[in-house]
Amino acid sequence: MNFLRGVMGGQSAGPPTSGAETVQKLCDRVASSTLLDDRRDAVRALKALSKKYRLEVGSQAMEHLINVLQTDRSDSEIIGFALDTLCNLISNDVEEEEPADESEEENAHKTNSDDLAGQFTEIFIKQQENLTLLLSLLEEFDFHVRWPALKLLTALLKNQGPQVQQIILVSPRGVSRMMDLLADSREVIRNDGLLLLQQLTKANAAIQKIVAFENAFERLLDIITEEGMSDGGIVVEDCLLLLLNLMKNNSSNQNFFKEGSYIQRMKPWFEVAEDNSGWSAQKVTNLHLMLQLVRVLVSPVNPPGATSSCQKSAFQCGLLQQLCTILMATGVPADILTETINTVSEVIRGSQINQDYFASVNAPSNPPRPAIVVLLMSMVNERQPFVLRCAVLYCFQCFLYKNQKGQAEIVTTLLPATIDANSISAGQLLCGGLFSTDSLSNWCAAVALAHALQDNSLQKEQLLRVQLATSLGNPPVSLLQQCTNILSQGDKINRRGSKVQTRVGLLMLLSTWMTNCPIAVTHFLHNQTNVPFLTAQISENLGEEEQLVQGLCALLLGICIYYNENSLENYTKEKLKQLIEKRIGKEIFIEKLAYISKHELYSRAGQKPQPSYSSPEQMLFDHEFTKLVKELEVLITKAVQKSSEDEKKEEEVKKSLEQHDSIVNQYKELIREQDMQLNELKKQVTTLTNQNEQSQTTITQQTSQIQQLRDQYNLLKVQGKPLESQHHIHNEAAQINGIQPKADAEEIGRLREEIEKLKKQHDLLEGQLAEKESIIDKLRTNQTTGNTAEVCTGAAGEQTELCKPVAVGEAASGDNDSASALMKISQLESRLAALDDENQKLKDQVQLLTDEQKTLNQQLASTNSTIAILETDKRKLQQEVTESKKEQDDLLVLLADQDQKIFGFKNKLKELGEPVEDEDDLESADQEDDDDDDDELS
C-alpha cells in the first residue's frame, strides 16, 4: 500500500516520477504480484491513469490487462477494473481531464484521440482470442463485468466495425450472447445492448439475418410497447433504429417480418389523439422513424413481389387506414405530415386495392372533399412548404402508377360533360396550376397531368377533347393548343427573364402526351406555327440554361417524326426530316437531343421515383420521364438518320416479317394443338397401361388359384379318398388360397358349360359325319351308273371341302374316270375313318366329363348334407347352452336363498346362547390342525 500511495501522489523523499514511469511500475506490479489484492490495486490505479496518460497506459499495460482477463476470471472486481481501463483506451468518448500545469514532455505525448483509438483497437483485435474472451465475459451476470464488457465491445465496433463483425460472425454463439442482453432485467444493460446491436448490424446482411432469426423482432416490438410506443423515450428511438438496420436493403428480413405478422403490430403506433398540439421533440422523432420503417417495407426499390405483399398486409390490418387518418388530421407537425404523405404514397404505389381505398378517402371538411383534391390544393399553393408540395406530387404520381382507372377519373374531371361549377375537381386544380404565375406550380401540374396519361392511349385521345375558355369573347381553345401558346409566349417573354422551369414542364407534358399517340401528333402539326417554333428554338445559339429547352424541343420534334401517320401533306415524315436537314442539320439536331441525358439533374431524377431536391429551381426532371427519354432517344436518332429508301426497305422488311410471323404463329398454334392432343393420348396410354397391368395381375392370380384347385382335386382323385374327406381337404385348400368353399359351385358351373360345349361339338360332328356318309353313298351311286355328279353340296346348300364340282361332258366315260372316282372314294374312306376315330375320342372325353360331373354333383350333395347336419347340431348345442345357463341361474338363486337361511339360523342360535362356528373359524382351525400334523411328521 505504501508503494501505491507513492504512485498516486503521496509524499516521498525522492524527485517526482513521470507518468510513463508510474505506468511502468504499475504494469510490473500487475505482472509480478502474487497476491490478488496487490494486482487489483494496481489495475485500479491504471484505470485512474488511463484517461490522463492514455498513450502510456495503452502502449505498456494492454497486454497485462488482457492477461488479467484470462487468469483472474474468478474475481469480478479486478475484471471490471481491467475492462473499464481498456474501454477508456479504445473509446473516443473519453474526455481527458487536463491538469492546470503540464510539462513539455507530457504535451509531446498527446496525439489525436481518433488515431489512438483506432491503433489500440487494431492491437486488441489482432489476436481473435481477445475478442472471443470478451464475448465470453458477456455471459457473466455480474453488473461490474457485463456492463464494461458491453461498452468495450461497442467501442471496438465503432472503431473497426467490419473487422470486428467478421470475427463475431465466425465466433460460436457470438451473436446469441449479444441478443441475451435485451433480456437483462437491468435497464442500463438492456439499453446499452441496443446500442451495441446497432453497431453490430450496420452494413452486414449476414449478421442482420442472424439477429432477426434470434427473435429480435419480437423482443424489440415488446420493448417499444412497454416503453409507450410513439410517446416513449430514447429507448424507443434506439429500438426503431435497430429495426431499420435489420430491414433496410435486406429482403430476407423484410419477408421474415411480414410472414411473422409483425406488420399488424405496427398499427397501434400511429393512433393519434384528436388534440395533436404540443408534440414533444422525442415523439416527433419516434413517429418519423416509425414512418420510415413502413416505407422500408413498401419501398419501390424492393422486389415487386415483396412490396406488393407488404402493401396487401398494410391494407388488411388497417395500417393504411390509420395513416390516412393522420393525413387528414389537424394539428399534426409539418414534418410528420410530409413523411406521412410519402409513406402513404409508397403504400398505395402500384396496388389497385390500396389506390381504390385512397380514392375513397374524404377530408373532414364541410362539405367533405376527396383527399386527392385537398392534397392537390396544397401542391398548387405557392405558400405551402416546398418539401410538402414535393410530397403531394409524389403521392399523386403513386396514386396514378399503373392505375388506368384512376387516370380515367382524373381526365374525366376535365371533360366538358362532367365539369361541376359548384365544386372543385382535381382536373380544375391541375389546369389552374398549369397556367398560374408560379413556375413551380406550372411544373408540378404539368408532371401530374403527364402521369395521368402515362402508358394510356385512350386517355391521351380523351384529353384532346378538353376545351379552355381563355378570355371573354374569344372562342375556346384546346388544352394542347393552349400549352403550345404558353410555350411560344414564354419564348418571347424569356428575353425579359422568364423562368425555364415552366417551359420544361410543358415540354415534358407534350412529349408524354404525343408519344405513341398519332392522333395527338396530327393535332399538334395541324397548327401551322408549332413546327416553325420548334425549329427556331433548336437552331438558335442560346446560353447554357436554354440548352435543356432546346433538347426537349428536339425531342418533341422527333416524336412528331417517329409517330407521324403522314396524314398532313405539308408535314409528312420525309418533309420534316428535310426541314431538319436544311434548317438545323442532322448532327446538330442529334447533339441537341443528346444533351437531355447528359444533364446532371437528369441523372439524379432517374435514381428513384420520389422527387428529392434541395431547392425548387432544381426540379426540372421527373423519374418516369427519364425512362421515356431513354426509349425515345434511340428511336428518334435512327428515324432522323434514315433516308426514304431505307424507310421503304424497312417497311418491306416489316411486312415480310409480319407475314413470316403470321405463318410462324399459325404453325405454333398447330404445334400447340398437336402437343395438347399428344399429351391427352399419352395420358390415355398411361391409363390403359395401368388398367392392363392390373388386369394381367388379376388374371395371373386367378389362373394360379384355379391351377392349385385342379392340382388338389387331381391329387384327391388319385388317392381315392372318401368324398367327405375330399370335400373337407378341398375346402381347406381353398381357404388357404384365399378362396371360399362356394368356389366349388362356380367350378361345377364352369364344368357344366364345358360339357354343353362338348355336346354341341359332338352333335355338330355327328351331323358332319351323316353328311359325309350321304356324299359317299352318292359317289358310289354315281360310280355304278357311270354318270358324273353335278355338284356335291352339304346339308346347308354350301360347297363342301370333300368334293369339287365336275362339269358334265368333260369326261363322258372310260377308265380314267373310273380310276379317279375310285381314288376319291379311297380318300373319302380314309378321311371318314379318321373322323370316326376323332368322334370316338370326343365321345370318350364327353363320357369322362360326364363322370366327373356326376362325381362333383355327388360331392356337392354330400357337402350340402354335411352343412345341414352341422347347422342342426349347432342349433341343438345353442339350445342346450341356453338351457344350461337358465339352470345355472336357478341354482345360483337357490344357493343365495340357502345362504340367507343359514345366516338367519346362526343369528338365532347366537341369540339363544348356543356356540356357533363361522366358516372362517373352521378354515383357520383346519389350517392349524394341518400345521400340527406336519410338525409331528417332521
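Residues numbered from 1 in each chain as written. Predicted model: local features only at pLDDT ≥ 70, side-chain atom pairs only at ≥ 80, totals over all residues. Heavy atoms only, no water.

## Details of the overall build of the chain
Along the chain, the regular secondary structure elements total 41 helices and 4 strands. Burial statistics for the chain: of 938 residues in total, 41% are counted as buried. Here the contacts in the chain between residues at least 6 apart in sequence split such that 69% fall between residues at least 24 apart. Here the chain has roughly 52,400 Å² of accessible surface; of this, 51% comes from carbon and sulfur atoms. (Helix = DSSP H or I, 4+ residues; strand = E, 2+ residues; numbered from the N terminus. Buried < 20%, exposed > 50% of the residue type's maximum accessible area, 1.4 Å probe, protein only. Contact = heavy atoms within 4.5 Å. Areas by Shrake-Rupley, 256 points an atom, 1.4 Å probe, with all protein chains shown as cover.)

## Describing a negative patch on the surface
On the surface, Glu880, Glu883, Glu887, Asp889 and Asp890 cluster together to form a negatively charged patch. Mapped onto the secondary structure, aspartate 889 falls in helix H40 (residues 815-912). The class for aspartate 889 is partly exposed, based on a relative accessible area of 45%. (Patch = residues over 30% accessible without salt bridge, like charges linked within 9 Å, V, L, I, M, F, W, Y side chains within 5 Å. Salt bridge = Lys/Arg side-chain N within 4 Å of Asp/Glu carboxyl O. Lys, Arg positive; Asp, Glu negative; His and termini not counted. Charge placed at Lys NZ, Arg CZ, Asp CG, Glu CD.)

## Comments concerning the pattern of salt bridges
On inspection of all chains with the given rule, the structure shows 27 salt bridges. Among the salt bridges present, the one from aspartate 184 reaches arginine 146, with a minimum N-O distance of 2.7 Å. A residue pair is termed long-range when its members are at least 10 positions apart, and aspartate 184 in the loop between helix H11 (174-179) and helix H12 (187-200) and arginine 146 in helix H9 (residues 143-159) qualify at 38 residues. Owing to a relative accessible area of 8%, arginine 146 belongs among the buried residues under this scheme. A salt bridge links lysine 283 to aspartate 231; the shortest N-O distance between them is 3.3 Å. Remark: aspartate 231 occurs in the loop between helix H14 (216-226) and helix H15 (234-247) and lysine 283 occurs in helix H17 (residues 281-297); sequence separation between them is 52 residues. Its relative accessible area of 17% is what places lysine 283 among the buried residues. On the basis of relative accessibility, which here comes to 56%, the residue aspartate 231 falls in the exposed class. Linked through salt bridges whose partners overlap, the residues forming this network are Asp37, Arg40, Asp41, Arg44, Asp75 and Glu77.

## Points about the environment of lysine 151
Mapped onto the elements, lysine 151 comes out in helix H9. Its relative accessible area of 28% is what places lysine 151 among the partly exposed residues.

## As for the packing of aromatic side chains
This structure, assessed with the given rule, holds 10 aromatic pairs. Centre to centre, the rings of phenylalanine 315 and tyrosine 357 are 5.9 Å apart; their planes meet at 65°, and the pair counts as edge-to-face. Here the residue phenylalanine 315 occupies a position in helix H18 (residues 304-316), and tyrosine 357 occupies one in helix H21 (residues 352-360), the gap between them amounting to 42 residues. For phenylalanine 315, a relative accessible area of 25% translates into the label partly exposed. For tyrosine 357, a relative accessible area of 23% translates into the label partly exposed. Ring geometry for tyrosine 602 and phenylalanine 621: centres 5.5 Å apart, planes at 90°, overall edge-to-face. With tyrosine 602 in helix H35 (residues 600-605) and phenylalanine 621 in the loop between H35 and helix H36 (623-641), the pair connects residues that are 19 residues apart, well separated along the chain. There is no split in this pair, since tyrosine 602 and phenylalanine 621 are both buried. Grouped by ring-pair contacts, the aromatic residues Phe213, Phe217, Phe256, Phe257 and Tyr262 constitute a single cluster. Lysine 151 extends its terminal NZ or CZ atom over the ring of tryptophan 147, reaching a point 3.9 Å from the ring centre. Cation over ring: arginine 349 sits above tyrosine 401, and NZ or CZ is 3.8 Å from the ring centre. (Phe/Tyr/Trp six-rings, centres within 6.5 Å; stacked < 30°, edge-to-face > 60°. Lys NZ or Arg CZ within 6 Å of the ring centre and 35° of its normal.)

## Section: empty space enclosed by the protein
Enumeration over the complete set of coordinates arrives at 9 cavities of 30 Å³ or more. In this structure, the largest cavity occupies an estimated 70 Å³ of space. Looking at the largest cavity, the residues that line it are Arg349, Tyr394, Gln397, Cys398, Tyr401, His451, Pro609, Asp622, His623 and Glu624. Those elements that place two or more of their residues in the lining of the largest cavity are helix H23 (386-400) and H36. Top element by residues in the lining of the largest cavity is H23. It accounts for 3 residues. In the lining of the largest cavity, the residues fall into 4 nonpolar, 3 polar and 3 charged. (1 Å grid on protein atoms, 1.4 Å probe; cavity = no way out; pocket = protein on both sides within 12 Å on 5 of 7 lines; lining within 4 Å. Points joined across faces, edges and corners; volume = space filled by probe spheres on them. Nonpolar A, V, L, I, M, F, W, Y, C, P; charged D, E, K, R; others polar.)

## Some thoughts on the packing of helix H20 (residues 334-348) against H21
Between H20 and H21, the least distance of the axes is 8 Å, while the angle of their chain directions is 135°. Compared by their axis directions, H20 and H21 come out oblique. Along its contact with H20, which presents Val344, Val347 and Ile348, the element H21 presents Asn354, Gln355 and Phe358. In terms of residue class, the contact of H20 with H21 is built from 4 nonpolar, 2 polar and no charged. (Axes fitted to C-alpha atoms, helices over the stretch in contact; angles between N-to-C directions. Parallel < 35°, antiparallel > 145°, perpendicular 65-115°, else oblique.)

## Some remarks on the side chain of serine 171
Within the secondary structure layout, serine 171 lies in the loop between helix H10 (161-170) and H11. Not counting the four nearest positions on each side in its chain, serine 171 is found in contact with Thr132 and Leu135.

## Considerations on the packing of helix H5 (residues 76-90) against H9
With their axes 9 Å apart at the nearest point, H5 and H9 run at an angle of 20° to one another. It follows from the interaxial angle that H5 and H9 lie roughly parallel. Like other packed secondary-structure pairs, H5 and H9 cross with a definite hand, here left-handed. Residues Ser76, Ile79, Gly80, Leu83, Asp84, Leu86, Cys87 and Ile90 of H5 form the contact with H9, whose participating residues are His144, Val145, Pro148, Ala149, Lys151, Leu152, Ala155, Leu156 and Asn159. Here the residues of the contact of H5 with H9 are counted per class, giving 11 nonpolar, 4 polar and 2 charged. (Left-handed = near helix turned anticlockwise from the far one by under 90°.)

## Quick look at the confidence of the model for the chain
On average, the chain scores 81 in pLDDT, and the residues at 70 or more come to 80%. The secondary structure element of the chain with the lowest average pLDDT is helix H1 (residues 2-7), at 42, and the one with the highest is H15, at 96. Counting contacts from residues 493-498, a segment whose pLDDT is below 50, to residues more than four positions away or on other chains yields 6 contacts. Scored below 50 in pLDDT, residues 732-741 shows 12 contacts in the model against residues more than four places distant or in partner chains. (pLDDT = per-residue confidence, 0-100.)

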